[in-house]
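# Inside the fold
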Amino acid sequence: MRAAAYDRFGDESVLRIVTDHPEPPVGPDVVLVRASASGVNPVDLSIRAGRLAVAYPHHFPIVPGWDLSGVVERVGPSVVDFAPGDEVFGYVRRDDVQWGTAADLVPVPQRCLARKPESLSFAEAGALPLAGLTAYQALAEVLDIGEGDRVLVHRASGGVGFCAVQIAVALGAEVIGTASPRNHGFLRDAGVAEVFDYSAGPASEQLGEPVDAVLDLVGGPALADAPDQVRDRARIVSVVDPAVRDLGGRYLFVRPDQHDLEELGRMADAGQLRVPIAKAFPLEQIAEAHRLVAGGHVRGKVVVTLR
């Protein structure tokens, strides 16, 4: 089978396309998925650079990618939720790093999968899981966003940020976002009530009055300013900087969750959640996809397509 893979840590030059990669094993609780699309996220670059080597066992050669959409090829004997032919999407974060999603066939623990939303293309569904789950778990679970809350989302036009503003609106919140001026109209079209230029000074000075909750996707100075942005420090969550704990807030590392994936699918099919694709690359150009994500300032999601 075809797969992108690397056998040492490094920059995007270590990536290669293998046409005869061995097929993955299919254990009792595993769903073998023929991949259609694999989202590219900043964490993929961190793994490739070796920055998560202390967090997970790594086994070379490594196939990159945690986001997936595709069609079930076959299932292990313990799998009851899926059958061959089902269209699925998922956040395939296994307990070790080896079998990623940038391959023709991907072994997926069934807990990491849900049925693909009918309203999304395979490319859109393959770009949604990690960003969508991060935003949903931060807003619905950690911050407990509800009707009438005022929520500040930093880096609101990025992959996680754009999911977050749409989910917050769907939960009944009034959303304020930070972004560069070129993305202000893009965010207002998604229902954001106010948009601030992140380069125009601290958000706390632009707000007028504190908000009910803050989602930090930047870290650094933006996070340091967060206590002055919010009424209650306990309603600050960061997905990029564990230093948020020192401020009294919460740090979130997204987890696979079938129920949450199903909720994202429901929102997408209800017209509450769309997934803009910044650029789609064929598998053979995965290095270019990684390079684009590494450059930052991507509006929407980058995806690799396999068929």
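All of the points below concern the structure found in this document. Keep in mind it's a predicted model, so treat the numbers as computed, not measured.

### Things to note about the nonpolar core
If you look at the biggest cluster of nonpolar residues, it comprises 92 residues, and the most contacted ones within it are Val153 and Leu187. With 8 residues, helix H3 (residues 129-142) is the largest single contributor of residues to this core. Sequence-distant contacts of Val153, that is, excluding residues within four places in its chain, are made with Gly161, Ala164, Val165, Val175, Ile176, Gly177, Thr178, Leu215 and Leu217.

### As for the pairing of strand E11 (residues 213-216)
Residues in a regular strand project their side chains so that they alternate between the two faces of the sheet. Residues Ala213 and Leu215 point to one face of E11 and Val214 and Asp216 to the other, with burial holding for every one of them. Of the strand pairs in this sheet, strand E8 (residues 150-153) and E11 are connected by 3 bridges, and their pairing is parallel. Across the sheet, residue Val151 finds its bridge partner in E11, namely Ala213. Looking at chain direction, E11 and strand E12 (residues 236-238) are connected through 3 bridges and run parallel. By the bridge assignment, Val214 is partnered in E12 with Ile236.

### Here's the deal with the sheet that holds strand E10 (residues 194-197)
In spatial order, the strands read E10-E9-E8-E11-E12-E13; together these 6 strands make up an open sheet with parallel pairing. In this open sheet, the two strands that pair with only one neighbour each are E10 and strand E13 (250-251).

### Digging into the environment of Pro227
Secondary-structure assignment places Pro227 in the loop between helix H7 (220-224) and E12. Owing to a relative accessible area of 14%, Pro227 belongs among the buried residues under this scheme. For the pair Pro227 and Pro210, spaced 17 residues apart in the sequence, the C-alpha separation amounts to 9.1 Å. In this view, Pro227 contacts Arg233, Ile236 and Leu247; residues no more than four positions away in its chain are not counted.

### Some remarks on the side chain of Asp67
Relative to the helices and strands, Asp67 is located in strand E4 (residues 67-75). Every residue in contact with Asp67, bar those within four places of it in the chain, is listed here: Ala37, Ser38, Gly39, Asn41, Gly90, Tyr91, Thr101, Gly126, Ala127, Pro129, Leu130 and Lys301.

### With respect to the environment of Phe60
Considering the arrangement of structural elements, one finds Phe60 in the loop between helix H1 (42-48) and E4. Look at Phe60 and you get partly exposed, because its relative accessible area is 36%. Here the alpha-carbon distance between Phe60 and Val97, two residues 37 residues apart in the chain, equals 8.5 Å. When near neighbours in sequence (up to four residues on either side) are disregarded, Phe60 contacts Tyr6, Asp7, Arg8 and Phe9.

### Quick look at the pattern of salt bridges
Throughout the structure, instances matching the rule amount to 20 salt bridges. Notably, a salt bridge pairs Arg8 with Asp7, separated by 3.8 Å at the nearest N-O pair.

### Some words on the state of the cysteines
The full count for this structure, using the stated rule, is 0 disulfides. Cys112 takes part in no disulfide bond, and the closest cysteine sulfur, belonging to Cys163, lies 18 Å away.

### Section: helix H9 (residues 286-294)
Taken together, the buried positions of H9 are Ile286, Ala287, Ala289, His290 and Val293. Across the axial projection of H9, the buried residues extend over an arc of 160 degrees, all falling on one side. Among the residues trailing H9, Gly296 stands out with phi positive, at a value near 70 degrees.

Rules and cut-offs
- Residues numbered from 1 in each chain as written.
- Predicted model: local features only at pLDDT ≥ 70, side-chain atom pairs only at ≥ 80, totals over all residues.
- Heavy atoms only, no water.
- Core = buried A, V, L, I, M, F, W, Y, C linked by side-chain atoms within 4.5 Å.
- Buried < 20%, exposed > 50% of the residue type's maximum accessible area, 1.4 Å probe, protein only.
- Helix = DSSP H or I, 4+ residues; strand = E, 2+ residues; numbered from the N terminus.
- Contact = heavy atoms within 4.5 Å.
- Pairing = 2+ DSSP bridges.
- Salt bridge = Lys/Arg side-chain N within 4 Å of Asp/Glu carboxyl O.
- Disulfide = S-S within 2.5 Å.
- Arc of directions from axis to C-beta.

On their own, these measurements won't tell you what the molecule is for.
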